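The residues making up each chain are set out below.
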Amino acid sequence: MTMRIGLFAALLCIWIGRSAVAVEWAEFPVPEGSGPHDVAPASDGTVWFTAQAAGALGHLDPRTGHVEEVALGNGSAPHGVIVGPDGAPWVTDGGLNAILRVDPASRAIHRFPLPPNRAAANLNTATFDKSGMLWFTGQAGVYGRLDPASGAVRVWDAPRGPGPYGITTTRGGAVYFASLAGSYIARIDPASGAATVIDPPTPRQGARRIWSDADDRLWVSEFLAGQIACFDAVNNSWRSWRLPGDRPQPYAIYVDQQDRVWVSDFGDATVLRFDPAEGQFSRVHGQQGGVWVRQLLGRPNEVWGADSAHDRLFRVSGQN
């Protein structure tokens with residue numbers, strides 16, 4: 001589907017202490033009823049997104065506002081999308097119970113279904129490790145691995161049952177996932193597939209999304225506890241910071257190339273930036289009303305997210 005998109009852009013400032021950093025908040029409407037969930041900026045300047053409510057993969061060119069949606073098949077309910085080492089978007093589709101690769105040129109879809117005994121895995125998020133294997137999570141209580149070369153899919157039972165949600169590869173190559181229902185994070189052994197549980201000090205915190213910084217520290221959005229946390233695997237230590245407000249619900253978390261931490265708050269329907277050195281949260285100005293953001297991702301000097309409640313994507317840019 002093609003639309004001519006009007007672009008809203010506002011020059012704004014993020015205040016940190018007494019200084020301000022000029023950035024631009026820009027919004028990009030997508031087709032009504034898309035229900036955009038996750039975003040994946042591509043190297044060519046475009047952005048892929050999962051149109052979960054429409055059962056489609058979306059493609060936005062922010063330079064023109066042009067939006068295309070690729071239907072993924074009957075029953076599709078795509079959750080996550082990432083751009084792989086091959087430059088193609090890879091989708092975790094809970095409705096189809098499969099990993100999908102969409103050819104960026106032809107839009108041809110290659111489906112990698114989960115084994116028959118792993119029905120209704122509630123597929124969530126994926127990440128590629130340094131060897132080119134794709135690892136994924138399923139909230140029904142599984143995590144798994146796809147070998148793109150052979151097409152082989154293997155699935156393991158997650159520790160403590162349901163909950164696997166966010167997943168990330170550190171810059172050093174380790175793979176970790178977060179369990180929302182299980183309230184833990186886990187490190188996956190790429191050789192055996194075994195997952196080692198690491199319990200945060202806050203009980204029942206609802207670890208949802210997870211991301212790594214340049215020093216391989218793991219940043220976690222603890223949805224039920226209203227805080228973000230940082231795990232340093234080198235010294236096995238944790239730190240946490242509660243979001244501002246009465247009932248914060250940190251959902252998405254992302255660490256950019258300059259190690260700036262970004263987080264979305266479902267409780268206040270806003271996007272925040274966190275300064276680890278100062279321990280301070282700053283609201284990103286320029287947001288037009290509430291934004292319900294389930295995932296954040298970026299590329300140099302850009303952070304992207306999807307407002308699932310209002311059928312729009314947004315970009316925060318010019319952060320230097």
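Residues numbered from 1 in each chain as written. Predicted model: local features only at pLDDT ≥ 70, side-chain atom pairs only at ≥ 80, totals over all residues. Heavy atoms only, no water.

1. Here's the deal with the overall build of the protein chain
Phase 1 of the analysis: Looking only at helices and strands, one finds zero helices and 29 strands in the protein chain.
Phase 2 of the analysis: For 320 residues, the compact-globule estimate of 2.2 N^0.38 gives 20 Å, and the protein chain sits close to it at 18 Å.
Phase 3 of the analysis: Dimensions of the protein chain along its principal axes, counting C-alpha atoms only, are 55 × 50 × 30 Å.
Phase 4 of the analysis: Considering only intrachain contacts with a sequence separation of at least 6, the fraction spanning at least 24 residues in the protein chain is 43%.
Phase 5 of the analysis: Carbon and sulfur atoms make up 49% of the accessible area of the protein chain, which totals about 12800 Å². (Helix = DSSP H or I, 4+ residues; strand = E, 2+ residues; numbered from the N terminus. Rg over C-alpha atoms; globule rule 2.2 N^0.38 Å. Contact = heavy atoms within 4.5 Å. Areas by Shrake-Rupley, 256 points an atom, 1.4 Å probe, with all protein chains shown as cover.)

2. Some thoughts on the layout of surface pockets
Phase 1 of the analysis: Put simply, the largest pocket is a space of about 870 Å³.
Phase 2 of the analysis: I82, V83, T127, W211 and L297 are, among the 38 residues lining the largest pocket, the residues nearest its centre.
Phase 3 of the analysis: Contributions of two or more residues to the lining of the largest pocket are made by β3 (36-41), β7 (78-83), β11 (123-128), β15 (164-169), β19 (207-212), β23 (250-255) and β27 (293-299).
Phase 4 of the analysis: For the lining of the largest pocket, the element with the highest residue contribution is β27, accounting for five residues.
Phase 5 of the analysis: Class assignment of the residues belonging to the lining of the largest pocket gives a composition of 18 nonpolar, 13 polar and seven charged.
Phase 6 of the analysis: Taken together, 13 residues form the lining of the second largest pocket, with R217, W219, C230, R239 and W241 sitting closest to its centre.
Phase 7 of the analysis: Those elements giving two or more residues to the lining of the second largest pocket turn out to be β21 (227-232) and β22 (237-242).
Phase 8 of the analysis: Per-element tally for the lining of the second largest pocket: the top contributor is β22, with four residues.
Phase 9 of the analysis: Tallied by class, the residues present in the lining of the second largest pocket amount to six nonpolar, two polar and five charged. (1 Å grid on protein atoms, 1.4 Å probe; cavity = no way out; pocket = protein on both sides within 12 Å on 5 of 7 lines; lining within 4 Å. Points joined across faces, edges and corners; volume = space filled by probe spheres on them. Nonpolar A, V, L, I, M, F, W, Y, C, P; charged D, E, K, R; others polar.)

3. Describing the side chain of T168
Phase 1 of the analysis: In this fold, T168 is placed in strand β15.
Phase 2 of the analysis: In this view, T168 contacts T127, A174, V175, Y176, I210, W211, S212 and L218; residues no more than four positions away in its chain are not counted.

4. Topic: the sheet that holds β22
Phase 1 of the analysis: Ordered by their spatial adjacency, four strands build an open sheet running β19-β20-β21-β22, and the pairing between neighbours is antiparallel. With partners counted over all chains shown, the strands left at the sheet margins are β19 and β22, one partner each. Between one strand axis and the next, the sheet turns by 20° as a mean value, whatever way the strands run.
Phase 2 of the analysis: Relative to β22, β21 is paired through six bridges, and the arrangement is antiparallel. Residue pairing across strands places F231 opposite W238, the latter belonging to β22. (Pairing = 2+ DSSP bridges. Axes fitted to C-alpha atoms, helices over the stretch in contact; angles between N-to-C directions.)

5. Some thoughts on the environment of G75
Phase 1 of the analysis: Looking at where G75 falls in the secondary structure, it is placed in the loop between β6 (66-71) and β7.
Phase 2 of the analysis: We classify G75 as exposed; its relative accessible area is 56%. (Buried < 20%, exposed > 50% of the residue type's maximum accessible area, 1.4 Å probe, protein only.)

6. Things to note about unusual backbone geometry
Phase 1 of the analysis: With a phi angle near 65°, N301 is a residue other than glycine that sits in the positive phi range.
Phase 2 of the analysis: Its place among the elements puts N301 in the loop between β27 and β28 (302-307).
Phase 3 of the analysis: A relative accessible area of 27% places N301 in the partly exposed class.
Phase 4 of the analysis: Phi is positive for D311, which is not a glycine, with a value near 50°.
Phase 5 of the analysis: Following the sequence through the fold, D311 ends up in the loop between β28 and β29 (312-317).

7. Let's talk about the sheet that holds strand β16 (residues 175-179)
Phase 1 of the analysis: Here four strands make up an open sheet; going across it, the order is β15-β16-β17-β18 and the pairing antiparallel. Edge strands, defined here as strands with exactly one partner in the open sheet, are β15 and β18 (195-198). Neighbour-to-neighbour, the strand axes of this sheet turn through a mean angle of 25°, independent of strand direction.
Phase 2 of the analysis: Where strand β17 (residues 184-188) and β18 come together, four bridges link them in antiparallel fashion. Looking across to β18, one finds that I185 is bridged to I198.

8. Re the packing of aromatic side chains
Phase 1 of the analysis: Taken as a whole, this structure holds 17 aromatic pairs when the rule is applied.
Phase 2 of the analysis: Relative to F314, the ring of W25 lies with its centre 4.5 Å away and its plane at 10°, an arrangement referred to as stacked. With W25 in strand β2 (residues 19-29) and F314 in strand β29, this residue pair connects regions lying 289 residues apart in the sequence. Considered together, W25 and F314 belong to a single accessibility category, that of buried residues.
Phase 3 of the analysis: Taken together, W135, Y143, W156, F177 and Y184 form an aromatic cluster joined through their ring pairs.
Phase 4 of the analysis: For the cation-ring pair, R208 lies above F223, with the distance from its terminal atom to the ring centre recorded as 4.5 Å.
Phase 5 of the analysis: Lying across the ring of Y251, R208 places its NZ or CZ 3.8 Å from the centre. (Phe/Tyr/Trp six-rings, centres within 6.5 Å; stacked < 30°, edge-to-face > 60°. Lys NZ or Arg CZ within 6 Å of the ring centre and 35° of its normal.)

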